[in-house]
Amino acid sequence: MNILYDERVDGALPNVDKPRLLGKLRQALPDLEILHSAEDLRPYECDGLSAYRVVPLLVVLPERLEQVQTLLRLCHAEQVPVVARGAGTGLSGGALPLEKGILLVMARFNRIIEVNPEGRFARVQPGVRNLAISQAAAPHGLYYAPDPSSQIACSIGGNVAENAGGVHCLKYGLTVHNLLRVDILTVEGEHLTLGSDALDSPGFDLLALFTGSEGMLGIVTEVTVKLLPKPQVARVLLASFDSVEQAGRAVADIIGAGIIPGGLEMMDNLSIRAAEDFIHAGYPVDAAAMLLCELDGVEADVREDCERVDAVLRQAGASDVRLARDEAERVRFWAGRKNAFPAVGRISPDYYCMDGTIPRRELPAVLRGIEELSGQFGLRVANVFHAGDGNMHPLILFDANQPGELERAEALGAKILELCVAVGGSITGEHGVGREKINQMCAQFSSEEITLFHAVKHAFDPQGLLNPGKNIPTLHRCAEFGSMHIHQGKLPFPDLERF
Amino acid sequence: MSIDHDHSTDLLEQVNHALNNAIALRIQGGNSKALLGRPVQGEVLDTRSHRGIVSYDPTELVLTARAGTPLADIEAALEEKGQMLPFEPPHFGPDATLGGAIASGLSGPRRPWAGSARDHVLGTRLITGHGKLLRFGGEVMKNVAGYDLSRLLAGSFGCLGVLAEVSLKVLPKPRTCVSLKLQMGAAEALCELAEWGQQPLPISAACHDSEHLYLRLEGGEGSVKSACQRLGGERIDSRYWTQLREHRLPFFASEQPLWRLSLPNSSPCLDLPGEQLLDWGGAQRWLLSAAPAEEIRQVVAAAGGHATRYGAHETPFQPLPALLLRYHQNLKKQLDPQGIFNPGRLYAEV
């Protein structure tokens with residue numbers, strides 16, 4: 001079932017008279033940069049999920065908050081949908097434009113307002129890049145912990161909207177754990193402060209609700225993040241295994257030994273070989289699986305933990321364990337993992353990255369399931385896995401130039417996500433639902449749960465003008481999706497009209 | 001025979017009965033958090049029959065338990081496996097339940113370093129204002145599907161629904177723990193804490209009374225040992241932190257009204273009438289003061305924080321700005337359209 005916005009199942013959108021709207025915008029906001037011609041709009045037709053493209057009605061590039069406020073008021077009055085976008089690096093199509101909507105690009109709000117070492121926070125505008133925060137904090141020995149792999153380019157506003165993760169989540173948490181305060185504009189252009197400069201704030205935890213809400217509840221205008229002292233040292237161990245099961249058990253054993261690594265990553269043989277061919281990191285190309293275990297903190301503790309982990313890995317049956325000898329080797333070990341996606345890109349014309357999470361104990365079963373599905377669909381799958389926190393990134397290899405392969409890759413991806421849900425996991429660990437996983441939401445949640453999500457949306461945006469169609473599917477979409485996925489002989493949503 | 005049971009059907013039935021007959025419900029576990037929030041008029045919905053640990057796998061770092069499970073049972077199960085609830089929830093009595101701990105959202109001394117109750121919530125089962133038992137979040141560390149209702153429920157004081165079950169992230173206990181007492185004034189202590197906060201020191205609790213700074217160091221042997229050498233001071237019994245968390249230090253034995261002040265990390269000493277005890281490295285301060293609520297709240301708000309009154313009071317929580325209050329009301333109306341769940345517990349208008 002197609003994921004592009006379909007008014008038939010996703011709800012009718014207001015029809016907007018483009019020239020009239022453009023006229024109104026120019027009148028109300030004479031100094032706002034507005035893109036409206038086909039060739040200017042084209043570069044904004046997709047985000048990081050480039051397989052899906054929609055040319056937006058208009059693109060606006062504000063530079064002052066008053067412009068955003070006026071724009072939102074006007075769009076609210078005129079009933080024009082608004083899709084917010086930061087750097088556009090999201091992998092789930094959360095910033096995929098709408099033909100009938102304005103794309104609000106927040107990238108020009110790129111000022112770091114304050115870095116406060118005593119208070120251990122940084123206050124930044126939403127277009128500031130993730131890595132730029134850590135760079136600005138570095139002279140004080142501090143950093144911002146969440147590090148999604150796109151951190152060079154992705155902006156903090158988008159990180160908040162998607163509740164972005166990274167490779168250090170088990171120890172340092174997701175975006176939601178590293179925020180103090182987010183300032184937003186509501187759909188009506190009102191300013192709200194969620195959270196505070198203190199560690200908590202009175203009333204409901206709207207900051208938690210807002211984080212990861214994918215631009216559906218408001219527009220991020222300012223973000224105050226926590227800063228942490230940089231760990232004194234980080235050391236990394238690389239372990240090779242003859243089977244994925246053994247590697248999975250080793251992960252449980254490390255945690256069972258009371259050690260929380262800063263990063264704990266697993267790669268399967270196909271990803272190991274692809275990464276080694278590309279980066280020459282010194283990976284064990286014959287291993288069925290390898291683990292990278294990074295321990296960070298105070299020197300004495302890290303040294304002690306490295307010895308402990310080394311013993312645990314060998315006990316768990318590792319055929320080889322190597323401690324990176326120096327910083328250069330540590331960086332090289334990580335380079336292979338961090339470049340696993342582009343490395344896979346070199347061995348296949350296209351690849352499709354999934355983002356399911358599972359309880360770790362289910363890993364061997366899920367990997368076996370993926371292998372079976374891979375055979376069924378006739379497409380190879382390379383697996384990289386944030387093993388510490390149960391977040392898998394199966395990469396489906398395909399060739400978009402072969403008729404039907406993209407569709408097969410999508411169908412295989414959907415099956416993998418449903419497998420994650422079946423073992424008690426989730427369809428998305430850190431990339432978000434966006435448009436990409438809109439159908440799989442129907443597999444993870446019941447119609448009643450989805451109805452409650454809509455109720456939350458209604459509290460903030462009753463007319464559904466902010467990022468319509470993302471994150472939460474309509475019951476109609478689920479009904480249609482469900483009719484293709486009949487579980488146990490029962491049709492879900494029996495009360496709904498079928499199309 | 002085990003007393004652990006799944007009584008969610010009974011809870012759901014009582015909620016549906018309340019919905020059908022427009023009866024307000026006062027959700028209650030051990031009633032140990034009654035010292036916080038406005039009084040609620042309504043029929044008691046007692047969660048304590050719905051109890052028991054549903055699943056706990058130490059290597060997954062996840063524990064799932066029913067809301068009526070005594071907090072002490074959960075802590076004992078974790079202790080047995082060398083693990084803990086990192087946010088150290090205050091009990092405020094022997095009958096504290098998991099549901100109350102999460103609904104009140106309170107966190108103990110480790111909070112600034114390890115995160116809050118909300119930070120450790122992974123998933124919930126919730127009885128809604130539409131009379132349904134629904135599941136949000138899950139038992140995995142990372143999960144960004146749909147809105148994060150589970151974390152929204154932490155600290156919502158039961159105003160948005162009945163928490164029936166909670167999944168939490170748990171952590172191994174640190175290998176080494178040492179508590180220290182250093183003689184210094186409050187201003188000096190705040191200065192030192194601001195400085196130490198920028199360094200990778202294994203501090204996991206910091207409190208200051210009028211004369212001494214109390215520190216807890218937790219981590220590997222090496223880091224704790226070197227921090228001890230560097231900081232000096234006198235070793236104290238680590239049970240001090242439980243006394244602090246449970247308000248059992250002599251400071252709390254007072255007839256004066258008790259206030260909790262939540263402040264930005266680097267806030268200076270606040271000039272308020274009464275006695276103060278600094279917790280959370282200065283980010284949470286306990287104040288015993290008979291000063292008018294408005295005066296206290298004004299001073300705290302000017303410093304970027306908010307003040308909560310413990311004990312019976314008409315407005316225990318810092319009043320919200322009008323617009324924010326409106327969104328609270330919107331949310332309440334959407335999730336609890338008949339307004340049956342703990343009406344008025346947080347604010348008269350919610």
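A quick note: this is a predicted structure, and the numbers were derived from the prediction, not measured. (Residues numbered from 1 in each chain as written. Chains lettered and ligands numbered in written order. Predicted model: local features only at pLDDT ≥ 70, side-chain atom pairs only at ≥ 80, totals over all residues.)

**Some points on the overall build of chain A**
Reasoning step 1: What chain A contains, in helices and strands, is 18 helices and 18 strands.
Reasoning step 2: Taken over the C-alpha atoms alone, chain A extends approximately 70 × 60 × 45 Å along its principal axes.
Reasoning step 3: When the 499 residues of chain A are sorted by exposure, 57% land in the buried category.
Reasoning step 4: Partitioning the intrachain contacts of chain A with sequence separation of at least 6 by distance along the chain shows that 71% fall at a separation of at least 24. (Helix = DSSP H or I, 4+ residues; strand = E, 2+ residues; numbered from the N terminus. Buried ≥ 20, exposed ≤ 12 C-beta atoms within 10 Å, placed from the backbone. Contact = placed C-beta atoms within 7 Å.)

**Description of the pairing of strand β9 (residues 191-195) of chain A**
Residues and elements named next belong to chain A.
Reasoning step 1: Bridge count for strand β8 (residues 179-185) against β9 is 5 bridges, and the pairing is antiparallel. Across the sheet, residue Val182 finds its bridge partner in β9, namely Leu194.
Reasoning step 2: Hairpin geometry of β8 and β9 is characterised by an intervening segment of 5 residues between the two adjacent antiparallel strands and by a positive phi of about 80 degrees at Gly189. (Pairing = 2+ DSSP bridges.)

**Some points on the domain arrangement of chain A**
Residue and element names in this part refer to chain A.
Reasoning step 1: Partitioning chain A into structural domains gives domain 1 (7-105), domain 2 (112-229), domain 3 (233-341) and domain 4 (348-422).
Reasoning step 2: Computed from C-alpha coordinates alone, the two centres of domain 2 and domain 4 are separated by 30 Å.
Reasoning step 3: Contacts between the two partners involve 4 residues from domain 2 and, on the opposite side, 4 residues from domain 4.
Reasoning step 4: Grouping the amino acids of the side of domain 2 that touches domain 4 by side-chain chemistry returns 3 nonpolar, 1 polar and no charged. (Domains from an automatic or database assignment. Nonpolar A, V, L, I, M, F, W, Y, C, P; charged D, E, K, R; others polar.)

**Concerning the domain arrangement of chain B**
By a widely used convention, the size of an interface equals the accessible area lost when the partners come together.
Residue and element names in this part refer to chain B.
Reasoning step 1: Here chain B is partitioned into domain 1 (8-172 + 330-335), domain 2 (174-246) and domain 3 (252-318).
Reasoning step 2: Contact residues are listed per partner, giving 11 residues for domain 2 and 9 residues for domain 3.
Reasoning step 3: Sorting the residues of the side of domain 2 that touches domain 3 by element identifies α7 (186-196) and β11 (203-208) as the ones contributing at least two each.
Reasoning step 4: Here the side of domain 2 that touches domain 3 gets 5 residues from one element, more than from any other, and that element is α7.
Reasoning step 5: Broken down by class, the residue content of the side of domain 2 that touches domain 3 amounts to 8 nonpolar, 2 polar and 1 charged.

**Focus: the packing of helix α17 (residues 447-460) of chain A against helix α11 (residues 322-335) of chain B**
Reasoning step 1: For the pair α17 of chain A and α11 of chain B, interaxial distance at closest approach is 8 Å and the crossing angle is 150 degrees. Here α17 of chain A lies roughly antiparallel to α11 of chain B, going by the angle between them. With respect to the hand of their crossing, α17 of chain A and α11 of chain B are arranged in right-handed fashion. Facing Ala455, Val456, His458, Ala459 and Phe460 of chain A of α17 of chain A, the residues of α11 of chain B in contact are Tyr327, Asn330, Leu331, Gln334 and Leu335 of chain B. (Axes fitted to C-alpha atoms, helices over the stretch in contact; angles between N-to-C directions. Parallel < 35°, antiparallel > 145°, perpendicular 65-115°, else oblique. Left-handed = near helix turned anticlockwise from the far one by under 90°.)

**Section: the interface of chain B and chain A**
Reasoning step 1: If you look at the interface, chain B gives 69 residues, while chain A gives 79 residues.
Reasoning step 2: When contributions to the side of chain B that touches chain A are tallied by element, the ones reaching two or more residues are α4 (111-114), α5 (117-120), β7 (133-137), α6 (149-153), β9 (171-172), α8 (221-231) and α11 of chain B.
Reasoning step 3: For the side of chain B that touches chain A, the leading source of residues is α11 of chain B, giving 8 residues.
Reasoning step 4: When grouped by side-chain class, the residues that make up the side of chain B that touches chain A number 29 nonpolar, 28 polar and 12 charged.

**Things to note about helix α15 (residues 405-422) of chain A**
Residues and elements named next belong to chain A.
Reasoning step 1: With 18 residues, α15 extends 25 Å between its outermost C-alpha atoms, agreeing within 8% with the 26 Å of an ideal straight helix rising 1.5 Å per residue.
Reasoning step 2: Where the residues of α15 are buried, they touch β16 (350-353), α14 (363-377), β18 (391-398) and α16 (441-444).
Reasoning step 3: Remark: Gly424 follows α15 within two positions and exhibits a positive phi of approximately 95 degrees. (Expected span 1.5 Å × (residues − 1).)

**Section: the packing of helix α10 (residues 269-279) of chain A against helix α12 (residues 327-338) of chain A**
Residues and elements named next belong to chain A.
Reasoning step 1: At a minimum axis distance of 9 Å, the contact between α10 and α12 shows a crossing angle of 120 degrees. Between α10 and α12, the crossing angle belongs to the class labelled oblique. Our pair here, α10 against α12, has a crossing hand that is right-handed. Judged by residue contacts, Ala275, Glu276 and Ile279 of α10 engage Ala335, Gly336 and Arg337 from α12.
Reasoning step 2: Among the residues making up the contact of α10 with α12, the classes are represented as 3 nonpolar, 1 polar and 2 charged.

**Re the environment of Pro202 of chain A**
Reasoning step 1: The residue Pro202 of chain A is located in the loop between β9 and α8 (206-210) in this model.
Reasoning step 2: Residue Pro202 of chain A is classed as partly exposed on the basis of its C-beta count, with 19 C-beta atoms lying within 10 Å.
Reasoning step 3: C-alpha separation for the pair Pro202 of chain A and Pro473 of chain A, spaced 271 residues apart in sequence, amounts to 32 Å.
Reasoning step 4: Apart from residues lying up to four places away in sequence, Pro202 of chain A is in contact with His306, Phe317, Gln318 and Leu320 of chain B.

**Notes on unusual backbone geometry**
Residues and elements named next belong to chain A.
Reasoning step 1: Within the chain, Gln79 stands out as a residue other than glycine whose phi angle is a positive 60 degrees.
Reasoning step 2: Note that Gln79 resides in the loop between α4 (65-78) and β3 (82-85).
Reasoning step 3: A count of 12 C-beta atoms within 10 Å places Gln79 in the exposed class.

**A short note on the nonpolar core**
Reasoning step 1: Formed by 216 residues in total, the largest nonpolar core has its most connected members in Val82, Leu104, Ala250, Met290, Leu291 and Ile396 of chain A together with Val162 of chain B.
Reasoning step 2: A per-element tally of this core places α15 of chain A first, with 8 residues.
Reasoning step 3: Leaving out residues up to four positions away in the same chain, Val82 of chain A has contacts with Leu72, Cys75, Gly101, Ile102, Leu104, Leu465 and Leu466 of chain A.
Reasoning step 4: Counting residues in each nonpolar core, the second largest holds 18 residues, with Ala206, Leu215, Ala227 and Leu244 of chain B among its members. (Core = buried A, V, L, I, M, F, W, Y, C linked by C-beta atoms within 7 Å.)

**Points about the environment of Asp326 of chain A**
All names here are of chain A.
Reasoning step 1: Relative to the assigned elements, Asp326 resides in the loop between β15 (320-323) and α12.
Reasoning step 2: Here Asp326 falls in the exposed class, since 9 other C-beta atoms lie within 10 Å of it.
Reasoning step 3: Taking the C-alpha atoms as reference points, Asp326 and Val236, 90 residues apart in sequence, are found 9.5 Å from one another.

**What about the environment of Phe385 of chain A?**
All names here are of chain A.
Reasoning step 1: In this fold, Phe385 is placed in strand β17 (residues 381-386).
Reasoning step 2: Taking the C-beta count within 10 Å as the criterion, Phe385 has 28 such neighbours and is therefore assigned buried.
Reasoning step 3: Between the alpha carbons of Phe385 and Gly218 there is a distance of 32 Å; along the sequence they are 167 residues apart.
Reasoning step 4: Discounting residues that sit within four places of it in the chain, Phe385 has contacts with Glu265, Met266, Met392 and His393.

**Description of the sheet that holds β8 of chain A**
Residue and element names in this part refer to chain A.
Reasoning step 1: One open sheet holds the 5 strands; their spatial order is β5-β6-β10-β8-β9, and the pairing between them is antiparallel. A single partner strand is all that each edge strand has here, and the edge strands are β5 (112-116) and β9. Sheet twist, expressed as the mean angle between neighbouring strand axes with direction ignored, is 15 degrees.
Reasoning step 2: In the packing of α4 onto the sheet, the strands contacted are β8 and β10 (219-226), and the crossing angle to β10 comes to about 135 degrees.

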